[in-house]
Amino acid sequence: MSSQDPHRSRRLAATRRGVLPVVLWAFGFATSLMLLGLWGRTVTVDAPTIEETAQTIVDSDLATERIHDWLEAGIEAAAGTDQETAAAIAQVVVDQPEFAAAVDSIIEDFVAGLFADPGEDPVLRIEEALSPLIPVAVDAAERRDVPVTESDIEEALDTASVVQLDTGEAATVATVVEEARAVLTRVVVIAAIALILSAGLALALADRRYAMLRTLATRVLLSATTYALLFQVAAWALDPDQGREPVLGGGSVLLGSNGHVFLIAAGIAAPLGVWGGVVAWRRAVHSSEPVAVDEEARELISA
């Protein structure tokens, strides 16, 4: 019987050595899934970030081109002039600071329409946004001896005064975000269960459990700090101020937000890892010390 015990112990040790790497891999995968799920879940409840992302994605150059066409068509119809003259007058208007404010106002209305509740039909009030530009257009027309009044341009633009955004059956951003939040919530729950199970199994298989606790906490710490740095670098690389496309700029806004999720996870893992490491070190030191035997015990042993 005694000859079988060492054999059995060796088999158990070999089994643990074979299973432990798989368990640690599962723990690492669950950690990544948990961190990314928590970050994504936090983004879905961060309304200002989502709105800023949508506003960044909307191409202001395209909006400028469309509004320029509206002005050009309105001036051409109101003054009865040729297209070239109307285009020159519209360009004068585009170069004014008020035009940029009008574009921003229309884009804000458009983005607000993306977040409309299902069943609502948001509208773009073009006339309200362009009304400060009408006097500028009249002044530019008079400089070119084109007879036109403010009421003429307002009447010509009346057809574009309100643009209705008929969403129909299409899902709004708010609906998509709500669905993504539900999916990510399930991901976080599944990842949390897998994280707890794999961590518990790793601790059960380890010979030195506090040392394993330090290892697990260190993995969480490294994963969290890696994601935090990676997301910030990606946000900088996709920054629209660096000349990136609007869609990439929206990605920059998302990736640069809510980095505190990773920092909180790292902040929790760091002291836990230090505590596990200190306890493991103290136990290793105590186990390596020789056992002190007093004189009376030594005499009894020698006798």
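The residue numbers shown here count from 1 along each chain, following its written sequence. Under the rules for a predicted model, residues below a pLDDT of 70 receive no local features and side-chain atom pairs below 80 are neither given nor counted, while totals for whole chains, interfaces and linings still include all residues. For the side-chain quantities, the full set of heavy atoms in the structure was used; hydrogens and water were omitted.

## What about the packing of helix 9 (residues 173-205) against helix 10 (residues 209-237)?
What counts is decided by this rule: With axes taken as lines fitted to C-alpha atoms, and helix axes fitted only over the stretch in contact, angles between N-to-C directions fall between 0 and 180 degrees. Helix and strand definitions here come from DSSP, where helices need a minimum of 4 consecutive H or I residues and strands a minimum of 2 consecutive E residues; each element is numbered from the N-terminal end. Note on convention: near helix rotated counterclockwise from far helix by under a right angle means a left-handed crossing. Clockwise means right-handed. When checking whether two residues touch, look at their non-hydrogen atoms; a contact exists if any pair is within 4.5 Å.
Two elements in contact, helix 9 and helix 10, have axes whose closest approach is 8 Å; the angle formed by their N-to-C orientations is 145°. When you trace helix 9 past helix 10, the crossing you get is right-handed. Here Ala199, Ala202, Leu203 and Ala204 of helix 9 come into contact with helix 10, specifically with Arg209, Met212, Leu213 and Leu216.

## Details of the nonpolar core
As a reminder, the rule being used: Only buried residues count toward a nonpolar core, which is a set of Ala, Val, Leu, Ile, Met, Phe, Trp, Tyr and Cys residues joined through side-chain atoms within 4.5 Å. With a 1.4 Å probe rolled over the protein chains alone, any residue whose accessible area is under 20% of its type maximum counts as buried; one over 50% counts as exposed, and the rest are partly exposed.
Judged by nonpolar contacts, the single largest core of 28 residues is most densely connected at Ile67, Leu71, Ile75, Phe99, Leu133 and Ile153. Counting only elements with at least two residues in this core, the list comes to helix 3 (60-79), helix 4 (83-94), helix 5 (97-114), helix 6 (126-130) and helix 7 (134-143). Not counting the four nearest positions on each side in its chain, Ile67 is found in contact with Phe99, Val103, Ile106 and Leu130. Core analysis: the next-biggest nonpolar cluster, separate from the first, contains 14 residues, Leu20, Leu195, Ala199 and Ala206 among them.

## Observations concerning unusual backbone geometry
When glycine is set aside, most residues are seen to have a negative phi, and most peptide bonds are trans. Of note, Asn258 is a non-glycine position whose phi angle comes to about 55°, a positive value. Counting through the fold element by element, Asn258 comes out in the loop between helix 11 (246-255) and helix 12 (260-288). With relative accessibility at 11%, the residue Asn258 sits in the buried group.

## Looking at the confidence of the model for the protein chain
Note the following rule: Confidence per residue, as judged by the predictor, is encoded in pLDDT with a range of 0 to 100.
Mean pLDDT over the protein chain works out to 77, with 75% of the residues at or above the 70 mark. Element-level pLDDT for the protein chain is lowest in helix 13 (residues 295-302), with a mean of 43, against a maximum mean of 92 in helix 10. Below pLDDT 50 for its whole length, residues 164-170 participates in 12 contacts with residues either more than four positions away or in separate chains. For the stretch residues 291-303, pLDDT sits under 50, and the model shows 1 contact to residues farther than four places along the chain or on other chains.

## Some details on helix 2 (residues 47-57)
Note that an α-helix has 3.6 residues per turn; residues three or four places apart therefore point the same way. Filter applied, for reference: When we speak of the arc, we mean the arc of directions from the helix axis to the C-beta atoms.
Thr49, Ile50, Thr53, Ala54 and Thr56 are the residues of helix 2 that are buried. Each buried residue of helix 2 sits inside an arc of 160° when the element is viewed along its axis, so together they form one side.

## Looking at the packing of helix 4 against helix 7
The condition is simple: Each angle gets one of four labels, with under 35 degrees taken as roughly parallel, over 145 as roughly antiparallel, 65 to 115 as roughly perpendicular, and the rest as oblique.
Where helix 4 meets helix 7, the closest approach of the two axes is 9 Å, and the angle between their N-to-C directions is 135°. Accordingly, the angle class assigned to the pair helix 4 and helix 7 is oblique. Considering only the axes of helix 4 and helix 7, their crossing is right-handed. Side by side, helix 4 and helix 7 meet where Ile89, Val92 and Val93 of the first sit next to Val136, Ala137, Ala140 and Ala141 of the second.

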